[in-house]
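Overview (structure and organization)
Chain by chain, the residues run as shown.
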Amino acid sequence: METLKNLFKQKKKSIINNTVLFVMSYLMVFYVVQISTFLSAFTHGVPMVLYTHEIDFSHVNSAASGDVWTSADNVIAIFGMAIIAVFILGIMAVLLLTRWKTDKLQIKRFLFWIFICSFVRLSSNFIVGHISHLWNINLVTDFMGITYPSNLGKTIFVIVLILLTAAGFYWSSSLIKYILVPHYYLGIHQLQSLQIFLYIF
């Protein structure tokens, strides 16, 4: 317990900064999903209620709006937009994190958390959506015939997603070097030379 307290005191600033960056990235990814879904639904003439925490489609009662949901293409377009938007956001975050040569660690840590939140948002929305039968991006695979009407297909899809999520966390650990080593872009020999130089002087 004492060791943890000492560690927290030593890393207090870093812990607070990373917590703030995580919350910011989480909210950014969340609202990218909300806004992209809202805009896509709006262009298809779907009435809805937009809250800060969700989009309510339960007020879809008119005959005109009801026709929207009878078309698989419309449903895939409405909920698929969020998948595309978050996927692009996650890819951009990884590319910037790994290829942008900057020593601004806060920005790189923000990009790291954006990537984490992006792939967790996609996988969790699919998994929870299929298990709880939500009006979410899980409807895309339902209307594509992958997870509906076959319960076996849905079970296999959820299991594969869980495995991919675990693999994603394992792979993302390789990105940590970009946010922890300030001189990552120096070669190993330059680092060794620098260490020898600092040791001598």
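Not measured: the values here are computed from a predicted model. (Residues numbered from 1 in each chain as written. Predicted model: local features only at pLDDT ≥ 70, side-chain atom pairs only at ≥ 80, totals over all residues. Heavy atoms only, no water.)

1. Notes on the nonpolar core
Applied cut-off: For the purposes of this section, nonpolar cores are sets of buried Ala, Val, Leu, Ile, Met, Phe, Trp, Tyr and Cys residues that join through side-chain atoms within 4.5 Å. Here the term buried applies to any residue with accessible area under 20% of the maximum for its type, exposed to any over 50%, and partly exposed to those in between, with areas from a 1.4 Å probe on protein chains only. To qualify as a helix, a DSSP run of H or I must reach at least 4 residues; to qualify as a strand, a run of E must reach at least 2; elements of each kind are numbered from the N terminus. Pairs of residues are marked as contacts when any of their non-hydrogen atoms sit within 4.5 Å.
V46, F57, W69, I78, F79, L97 and F115 are the most contacted members of the largest nonpolar core, which has 40 residues in total. At the level of elements, α2 (12-43), α4 (72-99), α5 (105-132), α6 (138-143), α7 (151-172) and α8 (177-180) are the ones that each hand at least two residues to this core. The element contributing the most residues to this core is α5, with 11 residues. In this view, F79 contacts T37, F57, W69, W135, N136, I137, L139 and V140; residues no more than four positions away in its chain are not counted.

2. As for the confidence of the model for the protein
Threshold: Each residue carries a pLDDT value, the predictor's own confidence for that position, ranging from 0 to 100.
Of all residues in the protein, 80% have pLDDT values of 70 or greater, and the mean over the chain is 83. Here helix α9 (residues 188-200) is the element of the protein with the lowest mean pLDDT, 42, and α4 is the one with the highest, 94. Scored below 50 in pLDDT, residues 183-201 shows 10 contacts in the model against residues more than four places distant or in partner chains.

3. Brief notes about the packing of aromatic side chains
The criterion, for reference: In this analysis, rings of Phe, Tyr and Trp, with Trp reduced to its six-membered ring, are considered paired at centre separations within 6.5 Å, and the interplanar angle assigns stacked below 30 degrees, edge-to-face beyond 60, and tilted for intermediate values.
Inspection of the entire model under this criterion finds 10 aromatic pairs. Ring centres of F22 and W113 lie 5.2 Å apart, and the angle between their planes is 75°; this geometry places the pair in the edge-to-face category. One end of the pair, F22, is in helix α2; the other, W113, is in helix α5, with 91 residues separating them in the sequence. Relative accessible area serves as the criterion here: at 34%, F22 is assigned to the partly exposed category. Taken together, a centroid distance of 5.0 Å and an interplanar angle of 80° make the contact between F30 and Y31 edge-to-face. We classify Y31 as partly exposed; its relative accessible area is 34%.

4. Focus: α7
Where we set the bar: Expected helix span is given by 1.5 Å per residue-to-residue step, counting one fewer step than there are residues. Here the arc refers to the directions that run from the helix axis out to each C-beta atom. Side-chain atoms alone can form a polar contact between residues adjacent in sequence; in general such a contact is a pair of N or O atoms within 3.5 Å, and within protein one must be able to donate a hydrogen while the other accepts it.
Helix length check: α7, at 22 residues, gives a terminal C-alpha distance of 31 Å against a target of 32 Å (1.5 Å per residue), a fit within 8%. Where α7 is concerned, the buried positions are G153, K154, F157, V158, L161, T165, G168 and S172. One side of α7 holds all its buried residues, which, seen down the axis, span an arc of 130°. Facing away from the buried side of α7, by more than 90 degrees, are the exposed residues L152, L163 and Y170. Its buried side turned inward, α7 meets α5 and α6. Looking at where α7 begins, the residue whose side-chain oxygen comes 3.4 Å from the main-chain nitrogen of L152 is S150.

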